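# Overview (structure and organization)
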Amino acid sequence: MAGLMDTVLLKTIPLFSGLSDRDLNRIADLMVTNRFNKHNLIFFEDDLGQNLFLIKRGRVKISRIDETGGEVIFAVLGEGEFFGELSIIDGHTRSATVTSLTDVELLVLRRAEFLDLLHQYPQISIALMRELANRIRKSDTQIKSLSLKDAKGRVATTLIRLAEDIGVMREGQVIIKKLPLQKDLANIAGTSRETISRVFKKLEKEGFLKKRNNTIVFTDFNRFKREYE
C-alpha cells in the first residue's frame, strides 16, 4: 500500500502534480523505496537504465569523469526532483553517474511501468517535456558561464543554479543549507577550491550573501541574479 507521505510527495513533483489523488495513490503503489548512505554510488555512467528515481529525502549529484580523470558535476538535485529519465525514454545506457551527497531515500519506478503511465496519462508526457526543456536551458546557461565568464561569474552562476534547485525561501531570503563541499562546487564551476573560497569572501564583502559554516543566505537573491545571471 502507498504511504500518505509518498502520495503527498508525488503531488509536489511537476510530473504528477496534475493527477487526482486516486491516480497518485495508484502510482505510489507501483514504487519501491531504496535508501543510500552519504557518498554512495547510485549508478554509474554507461550502466543499463531500467528505473526512474524520485528523491524523497536527501540530495544527489549528477556527474561525469572527463578524459583527464577529473569530475564534472552537472547538477545537484534535492527532495521532489527526479533523475534517470533519459535511459527510460530511449532505452540506452546511463549518460552520467549519480552519487548521494547525503543520506538519501528514493522512490523507484520501473521503466516498463513508467512508459505505461506515459500512455495512460498524456499530461505526464507534457510535464516531462517541460522539465527536459528546463534542464536543457539550465545546461545552456552553465555552458555559457563556463565559456564566457570569469571565475567569479562562474561561481556566481553556480550559486544561482543551486539556489533555484535546492534553496529555500524564508522571510524574503533564499537559503541554501548543507552546501556541497568546496571541491564539488569547484567541479560545477570549472575552477579550484581556492577560487571558491576567495569568491565567497568577495561576495560577502559586496553584501550579496552571508555564509555560516555550510549554509548560505542571499539577502537579496533577485539583485544577485540581475548582477550575475
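Attention here is on the structure that accompanies the text.

Conventions used here
Residues numbered from 1 in each chain as written. Predicted model: local features only at pLDDT ≥ 70, side-chain atom pairs only at ≥ 80, totals over all residues. Heavy atoms only, no water. Helix = DSSP H or I, 4+ residues; strand = E, 2+ residues; numbered from the N terminus. Contact = heavy atoms within 4.5 Å. Core = buried A, V, L, I, M, F, W, Y, C linked by side-chain atoms within 4.5 Å. Buried < 20%, exposed > 50% of the residue type's maximum accessible area, 1.4 Å probe, protein only. Patch = residues over 30% accessible without salt bridge, like charges linked within 9 Å, V, L, I, M, F, W, Y side chains within 5 Å. Areas by Shrake-Rupley, 256 points an atom, 1.4 Å probe, with all protein chains shown as cover. Salt bridge = Lys/Arg side-chain N within 4 Å of Asp/Glu carboxyl O. Lys, Arg positive; Asp, Glu negative; His and termini not counted. Charge placed at Lys NZ, Arg CZ, Asp CG, Glu CD. Pairing = 2+ DSSP bridges. Axes fitted to C-alpha atoms, helices over the stretch in contact; angles between N-to-C directions.

### Structural notes on the environment of histidine 39
- Mapped onto the secondary structure, histidine 39 falls in the loop between β1 (32-36) and β2 (41-43).
- Sequence separation of histidine 39 and leucine 86 is 47 residues, and the distance between their C-alpha atoms is 23 Å.
- Apart from the residues lying within four places of it in its own chain, the contact partners of histidine 39 are Thr99, Ser100 and Leu101.

### Some remarks on the nonpolar core
- Core analysis: the largest hydrophobic core is formed by 28 residues, its most contacted members being Leu159, Leu203, Phe218 and Phe224.
- Among the secondary structure elements, those contributing two or more residues to this core are β5 (71-77), α6 (151-166), β10 (173-176), α7 (182-189), α8 (193-205), β12 (215-218) and α9 (221-228).
- It is α6 that provides the largest number of residues to this core, a total of seven residues.
- Excluding residues that lie within four positions of it along the chain, phenylalanine 224 makes contacts with Ala156, Leu159, Ile160, Leu203, Phe208 and Phe218.
- With 23 residues, the next largest nonpolar core counts Phe82, Phe114, Leu118 and Ala127 among its residues.

### Remarks on a positive patch on the surface
- Side chains of Lys38, Arg170, Lys177 and Lys178 sit close together on the surface and give a patch of like positive charge.
- Counting through the fold element by element, lysine 38 comes out in the loop between β1 and β2.

### So, the sheet that holds β10
- A sheet is described by the order of its strands in space; here four strands give the open sequence β9-β10-β12-β11, paired in antiparallel fashion. Each end of this open sheet is capped by a strand with a single partner; those strands are β9 (168-170) and β11 (209-212). Neighbour-to-neighbour, the strand axes of this sheet turn through a mean angle of 25°, independent of strand direction.
- Sheet contacts for α8: β11 and β12; angle to β11, the most-contacted strand, approximately 130°.

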